[in-house]
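For reference, the chains in residue letters:
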Amino acid sequence: MYLIFVLPYCLLCLPQSAVFNKHKPWIETTYHGIVTENDDKVLLDPPLIALDKDAPLRYAESFEVTLTKEGEICGFRIHGQNVPFEAVVLDKSTGEGVIRAKDKLDCELQKEHTFTIQAYDCGEGPDGANMKKSHKATVHIQVNDINEYSPVFKEKSYKATVIEGKKYDSILKVEAVDADCSFQFSQICNYEIVTPDVPFTIDKDGYIKNTEKLSYGKERMYKLTVTAYDCGKNRASEDVLVKISVKPTCKPGWQGFNKRIEYEPGTGSLALFPSMHLETCDEPITSIQASIELETNHIGKGCDRDTYSEKSLHKLCGASTGTVELLPAPSSSANWTVGLPTDNGHDSDQVFEFNGTQAIKVPEGVVSTTLKEPFTISVWMRHGPGAHEKETILCNSDKTEMNRHHYSLYVHNCRLILLLRQDPSEAENYKPAEFHWKLDQVCDKEWHHYVLNVEFPTVSLFVDGTTFEPFLVTEDYPLHASKIETQLTIGACWQENSGHENDTETVSEPAPGGNARMAQFFRGNLAGLMIRSGKLENKKVIDCLYTCKEGLDVQLPEEVASAVKVEFNPNQSSLTVEGDDIDAFDKVMQHISYLNSRQFPTPGIRHLRVSTAVKCFNEETCVSVPDVEGYVMVLQPEEPKISLSGIDHFARGAAEFESQEGVTLFPELRIVSTITREVEADAEPEVTEGTVVSEEIMHNLDTCEVTAVGDELDGEHESLEVDLAQLQQRGLEMSSSNLGLVITGVNTMANYEQVLHLIRYKNWHTEALFDRKFKLVCSELNGRYISNDFKVEVNVIHTASPVEHANNAMVQPNFINPVHHASVDLSGHNLVNAHQASVVPSAATIVIVVCVSFLVFMIILGVFRIRAAHQRTMRDQENGKENEMDWDDSALTITVNPMETYEDQHSSEEEEEEEEEESEDGEEEDDITSAESESSEDEEGGEPEDQQGASRQQQLEWDDSTLTY
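Residues numbered from 1 in each chain as written. Predicted model: local features only at pLDDT ≥ 70, side-chain atom pairs only at ≥ 80, totals over all residues. Heavy atoms only, no water.

Digging into the environment of F85
Here F85 shows up in strand β4 (residues 85-91). Contacts of F85, omitting those with residues within four sequence positions, involve V35, V42, I78, I99, R100, A101, K102, L105, H113, F115 and I141. (Helix = DSSP H or I, 4+ residues; strand = E, 2+ residues; numbered from the N terminus. Contact = heavy atoms within 4.5 Å.)

Here is the structure:
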């Protein structure tokens, strides 16, 4: 027990030098402080206090306590570069201290400060030996802002220009800034117009607008004083001056634009904007961009193109051989498209409509059973979003039993798919069979031109002249060998309705309401479906087929060519003009023109739109130029009148019809095309106002058709022929049938005329043939312009032997020329016009009837003369018996020349016959011919003429009444 109480006292009694500084001071690890600028006191959290376990103990009052400096905190040390703070010890024994700023702080220069601090004790003994340091603590001090700065405007003054009579959402914006560092004092909370009684207001963001419409006559310039306040309610140190100028009304936009522009066909390029210029209202313009769009989607298949048959267009573009047209215009030689609905609203541009229930079968022989590779399929198609079923454009499938699709082109979910199954081969390996293209054009309800070049195993697709690669190609086995015939169909696929599965193809049931043997019907429009076997279409031909015959054009003047940039789209229906010089820009716009290269363009409206964007020096749209809209009115072209003329009625001997050469039907045919127009008196002074004149023009023809009128041609004994070598030399083609023949191909009227001169008609059995009639019709632009019906009647002259009569009294007199013994050539003699040919008898019939009538008349006349002579002889004999002294004149015979009477009668009958024939040209009689009427008149007039002849004979007898004996 004594030891326990004694030891403490002994420790207290130890000398001071015996106490050791064993422990380091301790402080917090992190401090956060706040100091207001322009103040030096920092408020720390937590407070700055350093603790040391070596701090001296304090005992009860009964004991004497001696304090030593061990355990005292002598100071704090700040670590960091250019730290504007210092740490001070307030009480060494308690370790309490503070941090304060050395100088005034500026929040605008630095908002936050970070540094480290360390505490250290006083060490041992009077010299502070063995001093201990605490760990380093991090101090973060934020400098609080005071609203010491006022707002300052960015500009010394502001200017703006407005147009009278308009209220603006914003005229201009003024902007002030505040240098204070805090959000509260640096933000501008309000702007104010100091100038009283002005028609303007300003919002908190500095946008100035007018409160009423301004008038140039009332005030040309407004001067406003504007001030600003920060969120600490400090007002701007200096107000700013705003000048707003009022300009008289100026409307930026295109001036001198004609809304309606008339285009006369055949006049070449027509300037669309000859006097147009851009009004910018004196704004400082840095760039101008204008877009001119010509809308032609409603014309034909997207624009104006030649409406010849697709086969003719392929020839014109260079694809001269191997092309087969699968959707031709209905005709006598190509009639499988007769039942399809057509769109006749596009100037004979043959467009076929498929509504999901129609399809056609292509006759055998039009396309070879197996396509010879390489081959090309081309088609115009307009198709919109449809059902999710397959829609077949073209399909070649088995006629019976197997239902295999050999090749087909169809649409499915806005994808164009070509199925091409390979023929049986030795190697039964997988081969590419289906080629898929996913295209927006398939379902956009617009016309597009598709060309597929197939050279297995690759297939290239061109859409409107642009190449597309398939995104998916699937493979399949080649077809199994079979002897089943195939059927080519358009608009659907031909297949049995048994639903039979084979060869990895499943045949679906036919569409409801459709043909029981058709499936996968197409819904849309098709035109110009062609197959070219053995060759591929090159890019030049494809571009030629797609290129429009109308579009925009521009001839850049040399002085502005470098200042303005012009770009066209592929079909030249739109162009973009860019530049920075207004004068040069106006000149280019004035040289933009519309061009239609067709001789007979499609009439109607082409809408026109000009969109313009203008930028100023600040790269913003400072001037708003409204779009202008108008239209080009393509006037109706003068319709050509195609006239066919020549010999329309002639006769030939039967031997010519049966000869090797046959009979030329149109030996002197002429093809002339004319237009009529009204001549203005100003253009031709010698012509009165409103005079209509006819002018001959030259253009092409694309079809001439010769058809038999009445009975169809019988191929066993008659035919129409033409020199095929001459046709090929002129690039024309011929097809024939029992109706006649058709010559097709785009060529000049002169070449068609020469070819038609070569058409011959042959007939090997002419015994029962007396006449044959034919009709010729020519047309241009796929039937848009059609000629007159030129009808030709050919008579067959039969040669007969003279008839031997038993009765001499019935023998024909020697002085009568037997008309029917001569082969009369009536070529060049136009007996009747084309309309009368069906009612009035032919010339040969009239001649025969006249001859027979005249023969009967002469026989009757001879009988009467013989009878009269016999009676006169008997009377003379009786007179001789009574008076023998009379002059014996029994032997006296006076013969009357019958030719005198015949010639007089014959000449009069010829005159009557000519009058009859002339009257027949103007009148149509139903049952009685001129020859029958004439013969009846001859029979009625026979007796008076006989009496007249007898009286003449009596006058010639000897007058012996005055003789004396």
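Thoughts on helix α5 (residues 582-590)
Of the positions making up α5, those classed as buried are A584, F585, D586, V588 and M589. For α5, the side-chain oxygen to backbone nitrogen distance between the N-cap and D583 is 3.0 Å, and the N-cap itself is D581. (Buried < 20%, exposed > 50% of the residue type's maximum accessible area, 1.4 Å probe, protein only. Polar contact = N/O pair within 3.5 Å; in protein donor to acceptor, adjacent residues only side chain to side chain.)

A closer look at helix α4 (residues 539-546)
Buried within α4 we find V541, I542, L545 and Y546. Buried residues of α4, seen end-on, are gathered within an arc of 130 degrees and therefore sit on one face of the element. (Arc of directions from axis to C-beta.)

A look at the sheet that holds strand β7 (residues 137-144)
Pairing is mixed across the open sheet formed by 5 strands, whose spatial order is β2-β1-β7-β6-β3. Because the sheet does not close on itself, it has two edges, and the strands there are β2 (43-45) and β3 (73-79). Ignoring strand direction, the axes of neighbouring strands in this sheet form an average angle of 30 degrees. When β3 meets strand β6 (residues 112-121), the two strands line up antiparallel, connected through 6 bridges. Bridge pairing in β6 places H79 opposite T116. (Pairing = 2+ DSSP bridges. Axes fitted to C-alpha atoms, helices over the stretch in contact; angles between N-to-C directions.)

Considering the pattern of salt bridges
A complete count under the given rule lists 23 salt bridges for this structure. E86 is the salt-bridge partner of R100, the closest N and O atoms lying 3.1 Å from each other. Placement of the pair is R100 in strand β5 (residues 96-101) and E86 in strand β4, with a sequence separation of 14 residues. Since its relative accessible area comes to 34%, R100 is described here as partly exposed. Relative accessible area serves as the criterion here: at 31%, E86 is assigned to the partly exposed category. Taking the shortest distance from any N to any O, the salt bridge between R772 and E718 comes out at 3.0 Å. With R772 in strand β57 (residues 771-780) and E718 in strand β53 (residues 718-721), this residue pair connects regions lying 54 residues apart in the sequence. Of the two residues, R772 and E718, neither departs from the other in class, the shared state being buried. (Salt bridge = Lys/Arg side-chain N within 4 Å of Asp/Glu carboxyl O.)

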